[in-house]
Amino acid sequence: MSFNNKKKPDLLKILIITDSKLLRESLKIRRNVFVLEQGCPEDEEIDNYDFQPWLNSTSTHFVAKLNDLYIGTARIVFAQTKDSITSPLIQRVAILKEFRGNNYGYYIMQRIHDFLIEREFKTAELSAQVYAIKFYEKLGYKSYGDIYYDAGIEHKTMKIKF
């Protein structure tokens, strides 16, 4: 996997979710990727951070739209402070299977990084599925700690400094 062509295609838009229509599109993508494709329990996929995130400051959700199709999603969960100890947690990064391999995940992550840097965060963390560690390393993440299971899938904690 490489990020040779890092110029975002003109028809790809990475949107901040600000209404229930966009949230439904994001949740459909997550259900397809995490529940149907990977076998995660459906009751673990949706949580309190998914309830009208545009009305609170605990999470920000993103959705990727290519032409008229919604193809990817991710979210950031925030702690109560922005100090150096507590990093925002990037979660639920997903691209529909038929759109993988086109750097769309890279563009979503770059949009998230820009969003966090604009808000003066210095770091971010995520819980990577083991198969995706190399993807995140190419973005500048470093892994630490032991491998653990979440929803029956091996994960490892990763962190990036901006």
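Analysis parameters
Residues numbered from 1 in each chain as written. Predicted model: local features only at pLDDT ≥ 70, side-chain atom pairs only at ≥ 80, totals over all residues. Heavy atoms only, no water. Salt bridge = Lys/Arg side-chain N within 4 Å of Asp/Glu carboxyl O. Helix = DSSP H or I, 4+ residues; strand = E, 2+ residues; numbered from the N terminus. Buried < 20%, exposed > 50% of the residue type's maximum accessible area, 1.4 Å probe, protein only. Contact = heavy atoms within 4.5 Å. Core = buried A, V, L, I, M, F, W, Y, C linked by side-chain atoms within 4.5 Å. Pairing = 2+ DSSP bridges. 1 Å grid on protein atoms, 1.4 Å probe; cavity = no way out; pocket = protein on both sides within 12 Å on 5 of 7 lines; lining within 4 Å. Points joined across faces, edges and corners; volume = space filled by probe spheres on them.

Within this structure, the stated rule accounts for eleven salt bridges. Two residues, arginine 30 and glutamate 45, come together in a salt bridge whose shortest N-O distance is 2.5 Å. Residue arginine 30 is located in helix α1 (residues 20–37), and its partner glutamate 45 is located in helix α2 (residues 42–45); the two are separated by 15 residues in the primary sequence. Its relative accessible area of 6% is what places glutamate 45 among the buried residues. The salt bridge involving arginine 100 is made with glutamate 37; its shortest N-O contact spans 2.7 Å.

What follows concerns the environment of glutamate 154. Mapping glutamate 154 onto the fold places it in strand β7 (residues 153–161). Taking the relative accessible area as the measure of exposure, glutamate 154 reaches 34% and is therefore partly exposed. When the C-alpha atoms of glutamate 154 and isoleucine 76 are compared, they prove to be 21 Å apart, with 78 residues separating the residues in sequence. Apart from the residues lying within four places of it in its own chain, the contact partners of glutamate 154 are Ala128, Gln129, Val130, Ile147, Tyr148 and Tyr149.

In terms of nonpolar packing, the biggest core is built from 45 residues, with Ile90, Met109, Ile112, Leu116, Tyr136 and Tyr141 touching the most fellow members. Apart from residues lying up to four places away in sequence, tyrosine 136 is in contact with Val93, Met109, Leu126, Ala128, Tyr141 and Met158.

Right, let's get into the pairing of β7. By the bridge criterion, seven bridges tie strand β5 (residues 123–129) to β7 in an arrangement that is antiparallel. Within the sheet, the bridge partner assigned to leucine 126 lies in β7 and is methionine 158. Where strand β6 (residues 142–150) lies against β7, six bridges are found, and the strand directions are antiparallel. In the sheet register, tyrosine 149 faces β7, and the bridge partner there is glutamate 154. Where β6 folds back onto β7 in an antiparallel hairpin, the turn is made up of two residues, including alanine 151, whose phi is positive at roughly 55°.

On to the pairing of strand β2 (residues 59–66), then. Here β2 lies mainly inside the structure; seven of its eight residues are buried. In terms of strand pairing, strand β1 (residues 12–16) meets β2 through five bridges, oriented antiparallel. Pairing of isoleucine 14 across the sheet is with alanine 64, part of β2. Inspection of the sheet shows β2 paired to strand β3 (residues 69–77) by eight bridges, in the antiparallel sense. Paired with phenylalanine 62 across the two strands is alanine 74, which belongs to β3. Remark: two residues form the turn of the hairpin made by β2 and β3, two consecutive strands paired antiparallel; asparagine 67 in that turn has positive phi of roughly 55°.

In this section: the layout of surface pockets. Quantified by volume, the largest pocket comes out at close to 890 Å³. Along the walls of the largest pocket sit 36 residues, with Phe34, Val93, Ala94, Tyr131 and Tyr136 positioned nearest its centre. At the level of secondary structure, the elements contributing two or more residues to the lining of the largest pocket comprise α1, α2, β4 (89–95), α3 (104–118), β5, α4 (133–138) and β7. Per-element tally for the lining of the largest pocket: the top contributor is β4, with seven residues.

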